[in-house]
Amino acid sequence: MFDDPTSAQYLAFDWLVKEFLSRTTTPSLEYDDDEVTQRFAAATVLLAFKADTAKEDLLRSSYWASFPIETLSIPRSWKFYLYPPVGSIPKEIGLLTSITSLDFGYYVAPEGTLPTEFGLLTSLTYLNLQISDNSGTFPSEFWLLTNLATLKFYNSGSAETIPAAIGLLTSLTDLSLSGMAGTIPSEIGLLTSLAGSLSLTGMTGSIPSEVGLLTHLEYVELYGSYFYATSRLSGSIPTEFGLLTKLEGLIVEQNALTGTIPTEFGLMTGSRDFYFSHNDLRGTLPSEIGLQTMLEQLFLVDNPLLAGPVPSELGNLVNLEILHIYNTSLTGSIPSDLCDDVGSKQQWWTAINCYEIECNCCHAADDVGCKAFPGEYWCYETPCDVLLQGIPP
């Protein structure tokens, strides 16, 4: 590519020789080969996205703030702010062997697949990357990045599968993979260092029981696709979730999960958020829910086969602030203990089917309230007692 004067490699080398090294009278004495090589690599990567931009303006801009151009320091942390990006990641990125953090940001979505040279970045501990128009898979060399602690990957092109090799990244503490396809590999259970969050979207198949081995996790987010029924998890919720005693939040919304809510959830006494909406859960709401005294948010919307009476133990949830129960077959009443504490809460946001569940401090679900009082602007916040009286306030 050095014979093409428009290529990123040519422009980077031209700048390095003519505009940087020429600023010192003894460049060979001031800079070692590794520093020069990594500066060339960094310039090539940057110019690969913006090769049509005047290089003098580009290479002196704030994009280089993490390693000022005047010092030629070896880059160790790099966040891109380029928009819109152009082109793909060049293989020269593999020369940045000292870099520990690489953040392509929300708006930077390189095209194509990752180069195999990405596997040379073995010092990386943080990677945030979005790939567009991706027609291949992760190169096998990618899984050599065993020092990665945080991996955030969003695929906005053709769907990627998660290979079994994910189990090699045993240093991960936070993992977020979006725009993926296929099943969750059982090797996810090898990532026992996960202590922050596990976020996977668009997956199919069942949730592997090995997730119960990730006992240090604080948040689990397993979103299904709102638009595509073929990109949703199925099967039952593993009872092994009960082993995640440090879990603060569990989100399994917009899937096709069946079976019951495990009674083992009562073991997760530090949880604050449960999102079970938009599934096919059945059975009853277990009384063990009352052991979740730290719970602040509970969403059970659109589970029509979830039936039986609301357990009285729900009244033990003294920290509950958001309660959404509608489009279910649950009956009975919301314990009065919850209503007695409403005045002391920072917020009390409820949405229930007032015709099926009795509650003197709750509001009707939006569709229920607006069906009863069509055209009324306040129908989205209809108190249950108003709805049952049938008289607008």
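Residues numbered from 1 in each chain as written. Predicted model: local features only at pLDDT ≥ 70, side-chain atom pairs only at ≥ 80, totals over all residues. Heavy atoms only, no water.

> I'm lost on the sheet that holds strand β18 (residues 328-333) in this one. Help?
Taking strand neighbours across the sheet as the criterion, the four strands line up as β14-β16-β18-β20 in an open arrangement whose pairing is parallel. With partners counted over all chains shown, the strands left at the sheet margins are β14 (282-283) and β20 (357-358), one partner each. Both β18 and β20 contribute to a ladder of two bridges, which runs parallel. Its bridge partner being in β20, Gly 332 is matched across the sheet by Ile 357. (Pairing = 2+ DSSP bridges. Helix = DSSP H or I, 4+ residues; strand = E, 2+ residues; numbered from the N terminus.)

> How do you make sense of the pairing of strand β6 (residues 174-178) when you look at a structure like this?
Consecutive side chains of a regular strand alternate in pointing toward one face of the sheet and then the other. The buried fraction of β6 is high, at four of five residues. Bridge count between strand β4 (residues 150-155) and β6: five bridges; the pairing is parallel. Among the inter-strand pairings, Phe 153 is bridged to a residue of β6, identified as Leu 177. Pairing geometry for β6 and strand β8 (residues 197-201), over three bridges, is parallel. Within β8, the position partnered with Leu 175 by the bridge is Leu 198. (Buried < 20%, exposed > 50% of the residue type's maximum accessible area, 1.4 Å probe, protein only.)

> Hey, could you run me through the pattern of salt bridges in this one?
If the charged atoms of two oppositely charged side chains come close together, the side chains can form a pair. In the structure shown here, the tally under the stated rule is one salt bridge. Glu 296 is the salt-bridge partner of Arg 272, the closest N and O atoms lying 3.1 Å from each other. With a gap of 24 residues between them, Arg 272 in the loop between β12 (256-258) and β13 (273-275) and Glu 296 in the loop between β14 and β15 (297-299) connect regions that are remote in the sequence. Arg 272 gets classed as partly exposed once you look at its relative accessible area, which sits at 29%. (Salt bridge = Lys/Arg side-chain N within 4 Å of Asp/Glu carboxyl O.)

> Please clarify how the nonpolar core should be interpreted in this entry.
Grouped together as the largest cluster of nonpolar side chains are 91 residues, with contacts concentrated most on Phe 118, Phe 142, Leu 175, Phe 241 and Phe 276. Leave out the neighbours within four places in its chain, and Phe 142 touches Leu 114, Phe 118, Gly 119, Leu 127, Leu 148 and Leu 151. Counting residues in each nonpolar core, the second largest holds ten residues, with Ala 8, Ala 12, Trp 15 and Ala 43 among its members. (Core = buried A, V, L, I, M, F, W, Y, C linked by side-chain atoms within 4.5 Å. Contact = heavy atoms within 4.5 Å.)

> Looking at this model, I keep getting lost on the side chain of Glu 253. Mind explaining?
Tracing the backbone shows Glu 253 in the loop between β11 (249-251) and β12. Summary of buried charges: Glu 253 has no salt-bridge partner, and the nearest side chain of opposite charge, Arg 232, is 12 Å away. Each residue touching Glu 253, except ones within four places of it in the same chain, is listed here: Leu 222, Tyr 223, Gly 224, Tyr 275, Phe 276, Ser 277, Asn 279 and Phe 299. (Lys, Arg positive; Asp, Glu negative; His and termini not counted.)

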